[in-house]
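Here are the chains, one letter per residue:
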There are 2 protein chains.
Amino acid sequence: MDKRSISSSMEDYLKTIFELGETSVKTQTLAEELSVSSASVTGMLKKLSDLKLVHYERYHGVSLSKAGRLIALETLRHHRLIETYLTEALGYSWHEVHDEAEKLEHHISEDFEDRIAELLGHPTYDPHGDPIPQRDGSVPVSLGKPLTEQHEQETLVITRVKEQKGDVLKYLAEHQLIPGSEITLIQKAPFNGPLTIKTSRQTVALAFELAKLIEVERLAVLDSSS
Amino acid sequence: MDKRSISSSMEDYLKTIFELGETSVKTQTLAEELSVSSASVTGMLKKLSDLKLVHYERYHGVSLSKAGRLIALETLRHHRLIETYLTEALGYSWHEVHDEAEKLEHHISEDFEDRIAELLGHPTYDPHGDPIPQRDGSVPVSLGKPLTEQHEQETLVITRVKEQKGDVLKYLAEHQLIPGSEITLIQKAPFNGPLTIKTSRQTVALAFELAKLIEVERLAVLDSSS
DNA sequence: TAAAAAACTTAGTCTTGCTTAAAAATAGTT
DNA sequence: AACTATTTTTAAGCAAGACTAAGTTTTTTA
Ligand SMILES: [Mn+2]
Ligand SMILES: [Mn+2]
Ligand SMILES: [Mn+2]
Ligand SMILES: [Mn+2]
């Protein structure tokens, strides 16, 4: 319960479990995501379990407890608010914010959090379209669906880009593939092949795996609701 | 030499040695300032000495090496830029910034440092009047002298308040005793007794020890130089 | 100047978070 | 169902940075 006894490391574990897990998360998956050994993960899971922050059954994966979920959301809120702030207030590009936020998320005070949230007008989405958990623990909904699930010839708006790597994000931004951009899906090659997309400026081909990370909404839906 | 191998703890030790020491700093002084045991200090000094960041002679105190001084200045620059930024950009009061800066100073990137410095117009003093070390390692001069060394009836401008404690700073601010304020030294009680000061709004009595932490310049000097 | 006091260092532990290597459990395959 | 491959856990240990208790060195004082 005492927030002050949660280390940066624990926060990263809880946040990562949240991000990975609709359902229960496997040791190895966590290990890869956090770049530590499986043995390290097992050790940390035991500790988090003792603190009642996760439900952990040996050999069968983890999931977050109520208390653990709150800490995960709090950390994620810090991360995404910081990303938004760095972009809006300090002129960072969206591909530069992740690493800075990954460190700062553990070290800002609640006061700092409140101040930048206020200054940004209590934003609900970060520069990548990721929902920013709110102070009450609620998480804004994401209505978008992966670009790979859309039909050809559809005109779409990008709502979210689920990618962290700076170089990929930089590439996408150079081609206007950022939240808010309007695009048309020209062609989907069969057998999970590349997708051809028309942006306001040009036509781009995207690998299936990358396109899967881009979430979009149908333009018509947006228009009728506004 | 490799900045990446310097821990937060080391940065705090180096910064504190810099702040305490014109000359060599004693183990116990450091221990008190950092709120750790003397044994911990000895242990860390040995490590810093191995890394050539300090000159350390057993039983005879430490001082910074060239390399150690650079790290101390870098950390202090972070600290004071952050304090300034929190005040100017996020609306913090000057008594709230220290604790936040104490943590963040170790976790911001050089890019972040540059961006806030730029945004603030490359400031030379922080909200307390402390000089902000510059990127090239130079430190702006402080011309002020302690209030306790001034003559009665002198009209003065506060240039610096060398106090960290939030409650004291809050009190001082409530009485306009902040850098930039014009004051008159009405009376100095003998035997290091309290000082009576007139501000723009009222007359205040300050304990000698507190007044010693307030640095001022003579108003005439300021006028002639402007 | 020698004893007492104060300051400092050494020695031995603890905690946190990580590692590798070995053992155990689960999952997959014939 | 038994054997093998994979995953996970246990065991042992390292590095930081802190602590307490005990031993040294320096400083003070009588
Ligand atoms: Mn992190
Ligand atoms: Mn994001
Ligand atoms: Mn610090
Ligand atoms: Mn300051």
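Heads up: the structure comes first, above all this text.
Residues numbered from 1 in each chain as written. Chains lettered and ligands numbered in written order. Predicted model: local features only at pLDDT ≥ 70, side-chain atom pairs only at ≥ 80, totals over all residues. Heavy atoms only, no water.

Student: Residues and numbers for the sheet that holds strand S7 (residues 203-206) of chain A, please.
Tutor: Residues and elements named next belong to chain A. Strands sit in the order S3-S8-S4-S5-S6-S7 across an open sheet of 6 strands; the sheet is antiparallel. At either end of the open sheet lies a strand with only one pairing partner, and these are strand S3 (145-146) and S7. Bridging between strand S6 (residues 195-198) and S7 involves 4 bridges; their strand directions are antiparallel. Bridged to lysine 198 within S7 is threonine 203. Packed on one face of the sheet, helix H7 (residues 166-174) meets strand S4 (155-161), S7 and strand S8 (214-218) and runs near 155° to S7. (Pairing = 2+ DSSP bridges. Helix = DSSP H or I, 4+ residues; strand = E, 2+ residues; numbered from the N terminus. Contact = heavy atoms within 4.5 Å. Axes fitted to C-alpha atoms, helices over the stretch in contact; angles between N-to-C directions.)

Student: Tell me about the packing of helix H2 (residues 27-34) of chain B against helix H3 (residues 38-50) of chain B, and please be specific about residues and values.
Tutor: Residues and elements named next belong to chain B. Taken N-terminus to C-terminus, the directions of H2 and H3 make an angle of 110°; their axes are 8 Å apart at the nearest point. Classified by the angle their axes make, H2 and H3 are roughly perpendicular. From H2, Thr27, Leu30 and Ala31 reach across to H3, where they touch Ser38, Val41, Thr42 and Leu45. Split by residue class, the contact of H2 with H3 holds 4 nonpolar, 3 polar and no charged. (Parallel < 35°, antiparallel > 145°, perpendicular 65-115°, else oblique. Nonpolar A, V, L, I, M, F, W, Y, C, P; charged D, E, K, R; others polar.)

Student: I'd like a description of the protein's contact with DNA strand D, backed by residues and values.
Tutor: Among the 21 residues in the neighbourhood of DNA strand D, the closest are listed as A:Thr42, A:Tyr56, B:Ser7, B:Ser40 and B:Lys47. Counting residues per element, the ones that place at least two in the surface near DNA strand D are helix H2 (27-34) and helix H3 (38-50) of chain A together with helix H1 (8-20) and H3 of chain B. Taken together, the residues of the surface near DNA strand D sort by class into 8 nonpolar, 9 polar and 4 charged. (Near = heavy atom within 4 Å.)

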